[in-house]
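# Structure at a glance
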Amino acid sequence: MSRACCDVAARPAPTAETHVRVGFHVALAGNPNCGKTTLFNALTGSHQHVGNWPGKTIERKEGHVEIGGSRITLVDLPGTYSLSAFSTEEIVAMDYLLDAQPDAVLVVLDAGNLERNLYLATQILETGLPVIIVLNMMDAAQARGLHIDVERLSRLLGVPVVPTVARSERGLDALKAQLAAEVMRTQPRRPERVVDYGREVEREIARLAALAGAEPSVAAHYDPRWLAVKLLEGDSAVEARLAANGGAPLVSTAREAASRLENMLGDEADILITDRRYGYINGLVRKVVTRPPLDRRTRSDHIDQIVTHPVFGLPIFFAMMWVVFQMTANVSSHFVDWIDGVIGGPLTRWVVAALGAVGLGGTWLESLLTEGVIAGVGGVLVFVPVLAFTYFFIALLEDSGYMARAAFLMDRFMHVLGLHGKSFIPMLLGIGCSVPGVYATRTLENERDRLLTGLLVPFMSCGARLPVYLVVGVAIFGARAGTLVFALYILGMVVALLVGLLLKHTLFRQREEMPFVIELPPYRLPSFKGVLRHTWLRTREFIKHATSIILIASVVVWLLVSIPISPAGSFANVEAGDSALAALSRWMAPAFEPAGFGSWQTASSLVTGFVAKEVIVSTLSVVYVGEAPEAPVEPSTFVQDVAEIGLSFAQAAWDTLRATLSLLPGVNLMDDAPEEAPDAALVGALRQAFTPLSAVAFLVFVLLTAPCVTTMGALRHEFGTKWMAFSVGFMLAIAWTASVLVYQGGRLLGLG
Ligand code: GDP
Ligand code: MG
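Per-chain numbering applies: the sequence of each chain, read as written, is numbered from 1 onward. Each chain gets a letter, beginning with A, and each ligand a number, beginning with 1, in the order they are written. Restriction of local features to residues with pLDDT of at least 70 applies here, the model being predicted, together with a cutoff of 80 or more for giving and counting side-chain atom pairs; totals for whole chains, interfaces and linings are based on all residues. Processing note: side-chain calculations cover all non-hydrogen atoms of the structure and skip hydrogens and water entirely.

## Side note on the overall build of the chain
Put simply, the rule is: Numbered from the N terminus, helices here are DSSP runs of H or I no shorter than four residues, and strands are runs of E no shorter than two. Residue burial is assigned from relative accessible area. The probe radius is 1.4 Å, only protein chains are included, and a residue is buried under 20% of its type maximum, exposed over 50%, and partly exposed in between. Here a residue-residue contact requires only that any non-hydrogen atoms of the pair lie within 4.5 Å. Only four residue types enter the tally: Lys and Arg on the positive side, Asp and Glu on the negative side; His and the chain ends are excluded. Taken as the charge location is NZ of Lys, CZ of Arg, CG of Asp or CD of Glu.
Helices and strands together make up the secondary structure of the chain, namely 33 helices and nine strands. Expressed as lengths along the three principal axes of its C-alpha atoms, the size of the chain is roughly 85 × 70 × 60 Å. The buried share among the 752 residues of the chain stands at 50%. Pairs at least 24 apart in sequence give 73% of the contacts found in the chain among residues at least 6 apart. Computed over 60 positive and 69 negative side-chain charges, the separation of the two mean positions in the chain equals 6 Å.

## Structural notes on the pairing of strand β4 (residues 70-76)
Threshold: In this analysis, strands are considered paired if DSSP registers two or more bridges between them.
Buried residues dominate β4, accounting for five of its seven residues. Where strand β1 (residues 24-30) and β4 come together, five bridges link them in parallel fashion. Residue pairing in the sheet places V26 in a bridge with L74 of β4. In this structure, the hairpin formed by strand β3 (residues 59-67) and β4 is closed by a connection of two residues, where G68 is found at a positive phi of approximately 50 degrees.

## Remarks on the packing of aromatic side chains
Pairs of aromatic rings are described using the distance from one ring centre to the other and the angle between the two planes. Worth spelling out the cut-off: Between 30 and 60 degrees the pair is tilted, below 30 it is stacked and above 60 it is edge-to-face, where a pair is any two Phe, Tyr or Trp rings, Trp via its six-membered ring, whose centres lie within 6.5 Å. Here, a charge over a ring is recorded when the distance from Lys NZ or Arg CZ to the ring centre is within 6 Å and its angle to the ring normal is within 35 degrees.
Using the criterion set out here, one finds 19 aromatic pairs in the structure. Where Y391 meets Y439, the ring centres are 6.2 Å apart and the plane angle is 70 degrees; that geometry is what we call edge-to-face. Residue Y391 is found in helix α18 (residues 383-400), and its partner Y439 is found in helix α21 (residues 434-439); the two are separated by 48 residues along the sequence. Just as Y391 is buried, Y439 falls in that class too. With 5.4 Å between their ring centres and 90 degrees between their planes, F392 and F393 make a pair best called edge-to-face. Each of the two residues, F392 as well as F393, counts as buried. If you follow R586 out to its NZ or CZ, it ends over the ring of W600, 4.9 Å from the centre.

## As for the pairing of β3
The side chains of a regular strand alternate, first on one face of the sheet and then on the other. Of the pairings in the sheet, the one linking strand β2 (residues 48-52) to β3 comprises five bridges and is antiparallel in character. Looking at β3, one finds that Q48 is bridged to G63. With antiparallel pairing between neighbouring strands as the criterion, β2 and β3 make up a hairpin whose turn holds six residues, including G55 at a positive phi of roughly 70 degrees.

## A closer look at the domain arrangement of the chain
Our working rule: Each domain's limits were defined by an automated method or a database of domain assignments. Buried area: the accessible surface (1.4 Å probe) lost by two parts on joining, summed over both. Criterion for a salt bridge: a side-chain nitrogen of Lys or Arg within 4 Å of a carboxyl oxygen of Asp or Glu. Any pair of N or O atoms that falls within 3.5 Å is considered a polar contact. Within protein, one atom must be able to donate a hydrogen and the other to accept it, and sequence-neighbouring residues count only if both atoms are side-chain atoms.
What the domain assignment reports for the chain is domain 1 (3-184), domain 2 (199-292) and domain 3 (316-345 + 364-379 + 386-632 + 677-748). Spacing between the C-alpha centres of domain 1 and domain 2 amounts to 24 Å. The interface of domain 1 with domain 2 comprises 27 residues on the first partner and 26 residues on the second. Counting the surface lost from both domain 1 and domain 2, the interface buries some 2,400 Å², and carbon and sulfur atoms represent 60% of this. The largest per-residue losses of area from domain 1 upon contact with domain 2 belong to E115, Y119 and E126, which jointly make up 26% of the total buried on that side. For the pair domain 1 and domain 2, the interface holds four salt bridges. The partner of R291 in a salt bridge is E115, with the nearest N and O atoms 2.8 Å apart. The interface formed by domain 1 and domain 2 contains nine residue pairs in polar contact (both at pLDDT 80 or more).

## Considerations on the site of ligand 1
Convention followed: Definition of nearness: a residue and a molecule or strand are near each other if at least one heavy atom of the residue lies within 4 Å of the molecule or strand. Reported accessibility uses the Shrake-Rupley method at a 1.4 Å probe radius. Residues are deemed covered only where the shown protein chains occlude them. Throughout, the ten residues Ala, Val, Leu, Ile, Met, Phe, Trp, Tyr, Cys and Pro are labelled nonpolar, Asp, Glu, Lys and Arg are labelled charged, and all others, Gly among them, are labelled polar.
Close to ligand 1 lie 16 residues, the nearest being N33, K36, T37, T38 and D139. Contacts to ligand 1 include A166, whose backbone N or O atom sits 3.0 Å from an oxygen atom. Alone, ligand 1 offers 590 Å² of accessible surface; in the complex the protein occludes 90% of this. Its residues assigned to classes, the shell around ligand 1 shows five nonpolar, six polar and five charged.

## Re a nonpolar patch on the surface
We count it as follows: Each patch is assembled from residues with relative accessible area greater than 30% and no salt bridge, linking like charges that lie within 9 Å and nonpolar side chains (Val, Leu, Ile, Met, Phe, Trp, Tyr) that lie within 5 Å.
On the surface, F486, I490, M493, V494, L497 and L498 cluster together into a nonpolar patch covering about 540 Å² of accessible area. Along the chain, the position of V494 falls in helix α24 (residues 481-505). Looking at V494, the relative accessible area reads 38%, which means it is partly exposed.

## Regarding the sheet that holds β2
So the rule is basically this: Simply put, an axis is a line fit to the C-alpha atoms, just over the touching stretch for a helix, and the angle between two N-to-C directions goes from 0 to 180 degrees.
With mixed pairing, the seven strands of this open sheet are ordered in space as β2-β3-β4-β1-β5-β6-β8. The outermost strands of the open sheet, each flanked by one partner alone, are β2 and β8 (161-163). When the angles between neighbouring strand axes are averaged without regard to direction, this sheet yields 25 degrees. Contacting β1, β5 (104-110) and β6 (131-136), helix α4 (residues 114-126) crosses the sheet at an angle of about 165 degrees to β5.

## Thoughts on the nonpolar core
Formally: Put simply, buried Ala, Val, Leu, Ile, Met, Phe, Trp, Tyr and Cys residues joined by side-chain atoms within 4.5 Å make one nonpolar core.
Among the nonpolar cores identified, the biggest contains 113 residues, and V472, F597 and F698 are the most heavily contacted of them. Residues in contact with V472, not counting those within four places in the same chain, are L620, L686, F690, A695, F698 and L699. Within the second largest apolar cluster, 73 residues are counted, among which are A93, M138, L157 and A254.

## Quick word on the pattern of salt bridges
Following the criterion strictly, the structure yields 25 salt bridges and no others. The residue R241 makes a salt bridge to D95 at a minimum N-O spacing of 3.0 Å. One end of the pair, R241, is in helix α11 (residues 236-244); the other, D95, is in helix α3 (residues 88-100), with 146 residues separating them in the sequence. The class of D95 is partly exposed, set by a relative accessible area of 26%. Taking the shortest distance from any N to any O, the salt bridge between E239 and R255 comes out at 2.6 Å. Residue E239 is found in helix α11, and its partner R255 is found in helix α12 (residues 248-265); the two are separated by 16 residues along the sequence. Via salt bridges that share partners, E126, K230, E233, D235 and R277 belong to a single interconnected network.

## A word on the packing of helix α32 (residues 709-719) against helix α33 (residues 721-748)
So the rule is basically this: Any angle that falls under 35 degrees is termed roughly parallel, while one over 145 is termed roughly antiparallel, one within 65 to 115 roughly perpendicular, and all others oblique. By the definition used in this description, the sense in which the near helix is turned from the far one sets the handedness, with an anticlockwise turn below a right angle giving left-handed and a clockwise turn giving right-handed.
Packing of α32 against α33 brings their axes to within 7 Å, and their N-to-C directions diverge by 140 degrees. Overall, the two elements α32 and α33 adopt an arrangement that is oblique. Read as a crossing pair, α32 and α33 show a hand that is right-handed. Between α32 and α33, the residues in contact are M712, L715, R716 and F719 and T721, W723, M724, S727 and V728, respectively. A breakdown of the residues in the contact of α32 with α33 according to their chemical character gives six nonpolar, two polar and one charged.

## A few points about helix α25 (residues 528-562)
Inclusion rule: Each residue after the first adds 1.5 Å to the expected span of a helix. Two axes define the bend at a residue: one fitted to the seven residues ending there, one fitted to the seven starting there, and the bend is the angle between them.
End to end, α25 covers 48 Å across 35 residues, agreeing with the expected 51 Å (1.5 Å per residue, within 8%). The sharpest bend along α25 reaches about 40 degrees and sits at A546.

## Brief notes about the side chain of E233
In this fold, E233 is placed in helix α10 (residues 224-233). The buried category is assigned to E233, whose relative accessible area is 15%. Polar contacts involving the side chain of E233 include one to the side chain of K230, which spans 3.1 Å. Residue contacts for E233: discarding those within four places in its chain leaves Q123, D270, I273 and R277.

## Structural notes on the side chain of E126
Positionally, E126 belongs in helix α4. Here E126 is in contact with V194, V195, Y197, D223, W226, V229 and R277, once residues within four sequence places are set aside.

## A look at the confidence of the model for the chain
Note the cut-off: As a per-residue measure, pLDDT tells how confident the predictor is, with possible values from 0 to 100.
Scored by pLDDT, the chain has a mean of 83; 91% of the residues are at 70 or more. Taking the mean pLDDT of every element in the chain, the minimum, 36, falls on helix α1 (residues 2-10) and the maximum, 97, on β8. Confidence drops under a pLDDT of 50 for residues 1-21, and excluding neighbours within four residues, the segment shows 12 contacts in the predicted structure. In the model, residues 512-516 has pLDDT below 50 throughout and makes five contacts with residues more than four positions away in sequence or in other chains.

In structure tokens:
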């Protein structure tokens, strides 16, 4: 007992700066899409942990593998093309390599794209870290007829090279053997110099490296030659690091050296260095790669001619998107209904029965558990099918290679908004539900694009807002409600467009226009196992992070509804007009006066609408019509309940299958659900409460107001509390302004 305590105390305390390390640490580095994550999964199996890099919205995967009795920790670094300060991903990767000083770095290369992949590899080799090159996707290279002399590559780079096919787990034994050898090594291994930068540049490098080596505080942290190269390149992240460690004189010496080189050679130092690096790589590749006599056009090229065709590509793209949208927004709804049914039915009955058994039936505790807690947990779980379907399809699109084509096609349009082509997909999913839309921003490689897209997604009118439009719209406008609903959807998109333009030119102005190329990787058969694991891990993350915020919101709303204001009222059994919610709403209502809907009833529906937009309708019903009569609870046995859960699951699975098949043209296996007739009492009350103009203003507010609490949770999970708060405040301000403009504008035009 006491020994364990001492062990803990003896370890260095983790700080933001130091990465805590126990045992042998190996980092995986490589370009995006080189198969790093596949390799990581193949090595670690289920021994992995997914989180975020501290303070970043970039996913961090860590796992471990036992090799020859040693436990090796693997860290999957973000995919990058180089090791500089161009993007957050590159900074994360560089910081990790420099600060955590891993015991070895697996640099994963796509064997079919050696030229491009070696760029990063040469930069990592220069850091002086022990590198093992993993030559992945050997199958794809072979299929293209490339022959790679692995032996020679290893000799020329001076590091071990292991050919693999991560997807079918080929070459993993050799890789593990190499790692085992690395663990056994007693002498530190340092790769020798790779790139020769030419006489003039090398002279400056040598001079700077000598200065760096003579400075103990600097030499302890960085390889002097690597540092010299980085400083000549003018890498801002490295300069900042040095300046913080008393290396400022070195930075200015390097700047002088760089301008000397520019004067002498007529080109900026970083360009000279990049050129030499590419030159070196070209030579290297020529020596180790033998190409087929005629580099024939691949099947991918043929498919691309059609799929990325500026005209014919679009129908294919929209058909694909239609399927993905249908699958996530509609087909998943059968499982959503199933979860809803289980939670509202058997689960609630069991809790009520258990409380009844201990004499607490009908008390406030029962109300808290069934209407606060269970409803809150249910609020999380109903998103699980939607997210699982979303992740599944996104993984399919990504892994097959189609996502890159979609981005390529849409880039022309999305670029106007300052967005990446891939942003189209999160926005589209947002029309179903903002939550998968926000999570789908993960497909974007760049942090700025992710954030900007994430802020715009909630402006897309989601499925939960539709019942509000329909109930209020039909009550006030009857058959003309359809046009209004359509106009609201369009308005959401137009506002997103305007906000996108605004943010692009203000908060999200790009410091430097990064050269932007969308690569088209060859089409690949996705690995089913990988896609499923991906889906599961991400969905699990959502449950972990979303539960607390939704639970808290549900309980808070329950409290607001349950606390009576008048002394005569009894807790948890309150008239709607006497609740704390009503009091809060009366206090808020004047703020909505200029928009034409200043009653406490509408205000209270907006408050509960924070939990979920569709709740607006039920709250309006409760405050205007009074408590909806509760359906009599039919007694059922435990066995009947379990049977009901099982049978309804089977029904949901069957319905999902039928709905999926119904997506095929000409097939309709679904019986169209009967429309629910609107409640006559509610319709009457709404006609009293709203004029046509104030109804429109109200719906505009519902469209644009802050996202529901689950979306807030998703925004916080992805972008942090600060940006979530920004989104909420920003949307509230826009919603208020827009609804006031509608109402006052309408009055000026004499409409109401
Ligand atoms: P990362 O971006 O580097 O993490 O790459 P991923 O691990 O996500 O892999 C990208 C795609 O390449 C996925 O579709 C993988 O299934 C596929 N892939 C990974 N390794 C191989 C391989 O060795 N051969 C082939 N043909 N495909 C692979
Ligand atoms: Mg990856």
